[in-house]
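Observations on the model geometry
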Amino acid sequence: MPDLDRMGVTEEALAQIARMPDPRQREIMAAAIRHLHDFAREVELKPEEWLAGIGFLTAVGQACTPYRQEFILLSDVLGLSRLVNLMHDAEGREAAGTETSLLGPFFREKAPEFAAGESIAVHATSGEPLILFGEVTDAEGRPVAGAEIDIWQTDAHGLYDLQANDPEVMDLRGRYRTDAAGRFDMRTVKPIGYSIPMDGPVGRMVRQQNRHGMRPAHIHILVQAPGYRELVTALYLGDDPNIDSDTVFGVSRSLVVTPERGLPGAPRPDIAAVRYDFRLSRLAEGERAGRVGADPSSILPAAE
């Protein structure tokens, strides 16, 4: 039994996982061990600091529920979600394909279905009406018929339905399908910028970092069609004061929009509208879904 020094403990930890049967798991765990040990050595991590970190991560886990995913929020505000998203984009998004953005911690599976022209603002009674219309095409501009489009957003007070109401009741989220020409017409209310949840451990961390914790106003979009890469993206309102300092780093220039009245082709010229055409990239053989985020209810620990 050798005596372990500052570097030897890392070598021994790596040696003990060297026989992990799954090569990808072995690669990930080995890298995690190396970087965590290097981090501790670089900052000369003290026992009380190590315990504070353990306490923080414990609190993050305890804050997770079927309707709240505090660990995804932590990943978002540290920029890790955006980094994973960018790396996934680089692997398979075609040059002409729409840029992706973060799924975030408030997505929910099986949102209500709506017909073209119907509004997802069922229970939310305040807010300026907004139309979102356009086409879904492939990267060459050919229409994609029958594509499913999920849309979700905050209300006029900056709250998602999971925060504002009985979380069992869905509002300001829904699913549409494109017509035979790939066209869609969705109705909602204009969202506003909002603060990430600041009442938990991640919010307290953001305040300690002297950050504003705000997200610019946006509408989440998820587009799916057979044979195409799932598109997870969002449209950001360009007049929001925090458009250049999103606390989760989700904004890209190509996703910034400005609602206008009288927009050519808009279903209603008297209502502010956004025209946006989503271009899907082809799905590579064997490629799996690349969502950076999930429905909170889907990632709770499984019962033993």
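All chains use their own residue numbering, which begins from 1 and follows the written sequence. It should be noted that, the model being predicted, local features are given only for residues of pLDDT at least 70 and side-chain atom pairs only at 80 or more, the latter also being counted only at that level, while totals for whole chains, interfaces and linings use all residues. To get the side-chain values, all heavy atoms of the structure are used, and hydrogens and water are removed first.

Helix and strand assignments come from DSSP, with helices taken as H or I runs of at least 4 residues and strands as E runs of at least 2, each series counted from the N terminus. Per the secondary structure count, the protein chain includes seven helices and eleven strands. With respect to the principal axes defined by its C-alpha atoms, the protein chain has extents near 75 × 45 × 40 Å. Relative accessibility under 20% of the residue-type maximum defines a buried residue, over 50% an exposed one, and the middle range a partly exposed one, all with a 1.4 Å probe and only protein chains included. Counting over 304 residues, the protein chain shows a buried share of 43%. Across the protein chain, every contact between residues at least 6 apart in sequence was considered, and the portion connecting residues at least 24 apart equals 73%. Note on definitions: a residue-residue contact is assigned when non-hydrogen atoms from the two residues lie within 4.5 Å.

Here we come to helix 4 (residues 70-77). Along an α-helix, residues three or four positions apart point the same way, because every turn accommodates 3.6 residues. Among the eight residues of helix 4, seven are classified as buried, and the element is accordingly described as predominantly covered. Within helix 4, the full set of buried residues consists of E70, I72, L73, L74, S75, D76 and V77. Residues of helix 4 that are buried make contact with helix 3 (47-62), helix 5 (80-92) and helix 7 (201-208). Of the residues that open helix 4, the one with a side-chain oxygen 3.1 Å from the backbone nitrogen of F71 is Q69. Downstream of helix 4 by one or two residues, G79 has phi in the positive range, about 80 degrees. Polar contact is defined as a pair of N or O atoms within 3.5 Å, subject to the rule that within protein one atom must be able to donate a hydrogen and the other to accept it, and that residues adjacent in sequence are counted only when both atoms are side-chain atoms.

By the convention used here, strands pair only if DSSP detects at least 2 bridges between them. Read across the open sheet, the five strands follow the order 3-2-7-8-9; overall the sheet is mixed. The sheet is open, and its two borders are formed by strand 3 (173-177) and strand 9 (256-257), each paired with just one other strand.

Right, let's talk about the packing of helix 3 against helix 4 for a bit. Axis definition: a line fitted to C-alpha atoms, limited for helices to the stretch in contact. Angles are taken between N-to-C directions and run from 0 to 180 degrees. One way to put it is that helix 3 packs onto helix 4 with a least axis distance of 7 Å and a crossing angle of 125 degrees. Taken together, helix 3 and helix 4 sit at an angle that is classed as oblique. Across from F56, L57, V60 and G61 in helix 3, the residues of helix 4 making contact are E70, F71 and L74. Residues were grouped as follows: Ala, Val, Leu, Ile, Met, Phe, Trp, Tyr, Cys and Pro as nonpolar; Asp, Glu, Lys and Arg as charged; and all remaining residues, including Gly, as polar. Among the residues making up the contact of helix 3 with helix 4, the classes are represented as five nonpolar, one polar and one charged. Just so you know how the angles are binned, under 35 degrees is roughly parallel, over 145 roughly antiparallel, 65 to 115 roughly perpendicular, and the rest oblique.

All right, on to a nonpolar patch on the surface then. There is a patch of nonpolar side chains on the surface, built from L36, F39, V43, L45, W50, L51 and I54 and spanning about 680 Å² of accessible area. Elements supplying a minimum of two residues to the nonpolar patch: helix 2 (23-43) and helix 3. Here, patches come from residues exposed beyond 30% relative accessible area and free of salt bridges, joined within 9 Å for like charges and within 5 Å for nonpolar side chains (Val, Leu, Ile, Met, Phe, Trp, Tyr). Using a 1.4 Å probe, accessible areas were evaluated by the Shrake-Rupley method; residue-level cover was limited to the displayed protein chains. In what follows, salt bridge is the name for a side-chain nitrogen of Lys or Arg lying within 4 Å of a carboxyl oxygen of Asp or Glu.

To continue, consider the environment of R68. Relative to the helices and strands, R68 is located in the loop between helix 3 and helix 4. Side-chain polar atoms of R68 contact the side chain of E70, separated by 2.9 Å.

Taken across its seven residues, strand 7 (residues 218-224) has six buried, putting it largely inside the fold. The pairing of strand 2 (residues 148-152) with strand 7 spans five bridges and is antiparallel. Its bridge partner being in strand 7, I151 is matched across the sheet by I221. Direction of pairing for strand 7 relative to strand 8 (residues 231-237): antiparallel, over a ladder of six bridges. The residue bridging I221 from the neighbouring strand is T233, located in strand 8.

By themselves, these are just geometric observations and shouldn't be taken as functional.
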